[in-house]
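Coordinates in review
One-letter residues, chain by chain:
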Amino acid sequence: MINVALPKGRLGEKVYGMFAAAGYECPSILENNRRLIFENPASGVRYFWVKPSDVAIYVERGAADVGVAGKDILLEYRPDVYELLDLNIGRCRMAVAAKVGFHDDVEKTLRVATKFTRIAREYYAGLGRDIDIIHLNGSIELAPILGLSDVIVDIVETGKTLLENNLEPVETIVPISARLIANKASFKFNSGRIETIAEGLKGQIKYD
Ligand code: PRP
């Protein structure tokens, strides 16, 4: 069995659709229940639904052989895994955003609220800008509104959340999309099967 960690939620359903179309179906996964593990011995795969930000941990530690994780998570946590394929789904960008009309005073330390502290630190270090990181776990958009920070570093997909909170994107840091990742030891011992899965998924990627 190849163990596959799928990110729970809308992205995971798309990912499963790609696996199924590539020949790794497991129909019971679409039944609406609370089970977290599904397997299809005929196609030799076992799927787990995992919190999206935990996929890389399962794969890095070998509890899953492969998985699908956002590039945001890979950049932030740098798990020791192989990144095999850009699936071109879950596309969004990591961006700096601020209140509409915000003017950066470069003489002052910039207060940056984010979940992605490493990405933010590296980005501003590259600019040689002094920052004060404020690590939040959610509702990041509130920080500049309430004066907790000057800017935020967060994921922007449609831009709707920013717009509805009177914020605007200031700078794109990096484009993000979902990636197929593999455990390093599994890849070594099961390279044939994992490469076949990757090839199958490659055939399902939609480019615009
Ligand atoms: C992200 C991000 C924004 C939102 C942006 O949150 O933190 O809140 O998406 O999307 P938009 O540009 O289409 O409005 P996500 O839904 O990933 O959940 P989270 O709050 O758990 O991070």
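An account of the accompanying structure is given in this report.

Parameters at a glance
- Residues numbered from 1 in each chain as written.
- Predicted model: local features only at pLDDT ≥ 70, side-chain atom pairs only at ≥ 80, totals over all residues.
- Heavy atoms only, no water.
- Buried < 20%, exposed > 50% of the residue type's maximum accessible area, 1.4 Å probe, protein only.
- Helix = DSSP H or I, 4+ residues; strand = E, 2+ residues; numbered from the N terminus.
- Pairing = 2+ DSSP bridges.
- Phe/Tyr/Trp six-rings, centres within 6.5 Å; stacked < 30°, edge-to-face > 60°.
- Salt bridge = Lys/Arg side-chain N within 4 Å of Asp/Glu carboxyl O.
- Axes fitted to C-alpha atoms, helices over the stretch in contact; angles between N-to-C directions.
- Contact = heavy atoms within 4.5 Å.

Of all the six residues making up strand β1 (residues 2–7), six are buried; the element is thus mostly covered by neighbouring parts of the structure. The two faces of β1 match: I2, V4 and L6 on one face and N3, A5 and P7 on the other face are all buried. Across six bridges, β1 lies against strand β3 (residues 45–50) in parallel orientation. Paired with A5 across the strands is F48, a residue of β3. Direction of pairing for β1 relative to strand β4 (residues 66–70): parallel, over a ladder of two bridges.

Right, let's get into the packing of aromatic side chains. Think of a pair of aromatic rings as described by two things: how far the centres are apart, and how the planes are tilted against each other in angle. One pass over the structure, following the stated rule, counts four aromatic pairs. Note on F19 and Y47: the rings are 5.7 Å apart at their centroids and 90° apart in plane angle, and the pair reads as edge-to-face. Of this pair, F19 sits in helix α1 (residues 10–21) while Y47 sits in strand β3, and the two are 28 residues apart along the sequence. Residue Y47 is classed as buried on the basis of its relative accessible area of 0%. Their ring planes at 75° and their centres at 5.0 Å tell us that Y123 and Y124 sit as a pair that is edge-to-face. Each of the two residues, Y123 as well as Y124, counts as buried.

Attention now goes to the pattern of salt bridges. Applying the stated criterion to the full structure yields ten salt bridges. The partner of R179 in a salt bridge is D86, with the nearest N and O atoms 3.6 Å apart. Of this pair, R179 sits in strand β11 (residues 178–182) while D86 is found in strand β5 (residues 82–86), placing the two residues 93 residues apart along the sequence. A salt bridge links D208 to R91, with the nearest nitrogen and oxygen atoms 2.8 Å apart. Of this pair, D208 sits in the segment after α8 (191–202) while R91 is found in the loop between β5 and β6 (92–99), placing the two residues 117 residues apart along the sequence.

A few words now on the sheet that holds strand β2 (residues 37–40). Strand order across the open sheet formed by six strands is β2-β3-β1-β4-β11-β5, with mixed pairing between neighbours. A strand with exactly one partner marks an edge of an open sheet, and here the two such strands are β2 and β5. Averaged over all adjacent pairs, the angle separating strand axes in this sheet is 25°, with direction ignored. The sheet contact formed by β2 and β3 spans four bridges and is antiparallel. From the neighbouring strand, E39 faces β3, where its bridge partner is R46. Across the sheet, α1 is in contact with β1, β3, β4 and β11; its angle to β1 comes to roughly 145°.

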